[in-house]
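Chain by chain, the residues run as shown.
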Amino acid sequence: MTRSSSYDYQALLACGRGELFGDGNARLPAPPMLMFDRITQIAETGGAHGKGVIHAELDITPRLWFFDCHFEGDPVMPGCLGLDAMWQLSGFFLPWLGEPGRGRALGVGQVKFTGQVLPSAKLVRYEIDIRRVMRGKLALVIADGKTFVDDRLIYVASDMRVGLFQSTEGF
C-alpha cells in the first residue's frame, strides 16, 4: 500500500468497503456514519506531541441526516458524532501505518463541549494529535483531538484510545 498524505471522499468510501487496507483490516464506517468528507493531512510526524497528525473536514448542509431527528424544531449535530469522528480518525492512523486488524474505540480520558454545530454552519474541521502508538499483541493509538465549526473551537478530547484486533469475537 502506498501511503498518501491526504484522502478524498472516494478514497474514504473505498476504505469503508475494505479496499484501502485490505480484507479483514480496519475500515471506516460507511455513510451516514462516516463523519468527515476528506482527510486533508495525515503525517507520521508533527502535531502537538511530534508523533503524528491528522486533519479532516466535514461540509455542513441543512440536509444532513442528523438535523432532521436531533432535535425536532431545534436541529443540532449530536456531540457524540463529533467525538466519533475523532475516534474514526485516530483509528485510521494505525492501518495507515501498516498495522493489521479491525479497529475499535477503547475510551477517552476527557471530553469538553463548548459549542455546537447548527444547520447554518459551513465547515467542521477535526485536528488529531497522536500522543502514542503501541505495537504488540494489540496495536493501540492514543490521541488528543479538537473539533472546530467555522474556525471556532467547540470540542476538545484528550487521551482517545483506539485499538486494532485480529478477532473481535468476545470483545
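Just so it is clear, the model here is predicted, and its values are computed rather than measured.

Analysis parameters
- Residues numbered from 1 in each chain as written.
- Predicted model: local features only at pLDDT ≥ 70, side-chain atom pairs only at ≥ 80, totals over all residues.
- Heavy atoms only, no water.
- Helix = DSSP H or I, 4+ residues; strand = E, 2+ residues; numbered from the N terminus.
- Contact = heavy atoms within 4.5 Å.
- Salt bridge = Lys/Arg side-chain N within 4 Å of Asp/Glu carboxyl O.
- Buried < 20%, exposed > 50% of the residue type's maximum accessible area, 1.4 Å probe, protein only.
- Core = buried A, V, L, I, M, F, W, Y, C linked by side-chain atoms within 4.5 Å.
- UniProt positions renumbered as here; feature names shortened; annotations may be inferred.
- Patch = residues over 30% accessible without salt bridge, like charges linked within 9 Å, V, L, I, M, F, W, Y side chains within 5 Å.
- Areas by Shrake-Rupley, 256 points an atom, 1.4 Å probe, with all protein chains shown as cover.
- Phe/Tyr/Trp six-rings, centres within 6.5 Å; stacked < 30°, edge-to-face > 60°.
- Lys NZ or Arg CZ within 6 Å of the ring centre and 35° of its normal.

Undergrad: I would appreciate a short explanation of the environment of Ala-14 in the present structure.
TA: Locating Ala-14 in the fold gives a position in helix α1 (residues 9-16). Along the primary structure Ala-14 and Leu-28 are separated by 14 residues, whereas in three dimensions their C-alpha atoms are 8.8 Å apart. Contact partners of Ala-14, with chain neighbours within four places excluded, come to Glu-19 and Leu-20.

Undergrad: How do you make sense of the pattern of salt bridges when you look at a structure like this?
TA: Between side chains of opposite charge, a pair can form when the charged atoms approach closely. Enumeration according to the criterion identifies 10 salt bridges in this entry. The salt bridge involving Arg-125 is made with Glu-127; its shortest N-O contact spans 3.2 Å. Two residues, Arg-125 and Asp-151, come together in a salt bridge whose shortest N-O distance is 2.6 Å. Here Arg-125, found in strand β5 (residues 123-134), pairs with Asp-151, found in the loop between β6 (139-149) and β7 (152-165); they are 26 residues apart in sequence, far enough to count as distant. Its relative accessible area of 64% is what places Asp-151 among the exposed residues.

Undergrad: Before we go on, may I ask you to explain the nonpolar core in this structure?
TA: A general tendency of soluble globular proteins is for nonpolar side chains to be buried together. Counting 47 residues, the largest nonpolar core has Phe-36, Ile-39, Phe-92, Val-117 and Tyr-126 as its most contacted members. Mapped onto this core, the elements with two or more residues apiece are α1, β1 (38-43), β2 (53-59), α2 (79-96), β5, β6 and β7. Here this core gets 10 residues from one element, more than from any other, and that element is α2. Not counting chain neighbours up to four residues away, the residues in contact with Phe-36 comprise Tyr-9, Leu-12, Leu-28, Ala-56, Glu-57, Leu-58, Ala-85, Gln-88, Leu-89 and Tyr-126.

Undergrad: Would you take a moment to explain the UniProt feature "active site" (unreviewed entry) in the protein chain for this structure?
TA: When the UniProt feature table is mapped onto this chain, "active site" (unreviewed entry) is found at His-70. With residues near it in sequence (within four places) discarded, His-70 still touches Pro-75, Val-76, Met-77 and Pro-78.

Undergrad: Any chance you could explain a nonpolar patch on the surface here in plain terms?
TA: A contiguous nonpolar patch, built from Leu-106, Leu-138 and Phe-171 and spanning about 270 Å² of accessible area, is present on the exposed surface. Within the element layout of this structure, Leu-106 appears in strand β3 (residues 102-107).

Undergrad: What am I meant to see in the packing of aromatic side chains here?
TA: The relation between two aromatic rings is expressed through the spacing of the ring centres and the mutual angle of the planes. Applying the stated criterion to the full structure yields six aromatic pairs. Their ring planes at 75 degrees and their centres at 5.3 Å tell us that Tyr-7 and Phe-92 sit as a pair that is edge-to-face. Note that Tyr-7 is positioned in the segment before α1 and Phe-92 in helix α2, a separation of 85 residues in sequence. The class of Phe-92 is buried, set by a relative accessible area of 2%. Both rings, one in Phe-21 and one in Phe-92, keep their centres 5.3 Å apart while their planes meet at 65 degrees; by these two values the pair is edge-to-face. One end of the pair, Phe-21, is in the loop between α1 and β1; the other, Phe-92, is in helix α2, and 71 residues separate them in sequence. Exposure class is identical for Phe-21 and Phe-92. Each is buried. The lysine or arginine in question, Arg-125, covers the ring of Phe-148, its NZ or CZ lying 4.2 Å from the ring centre.

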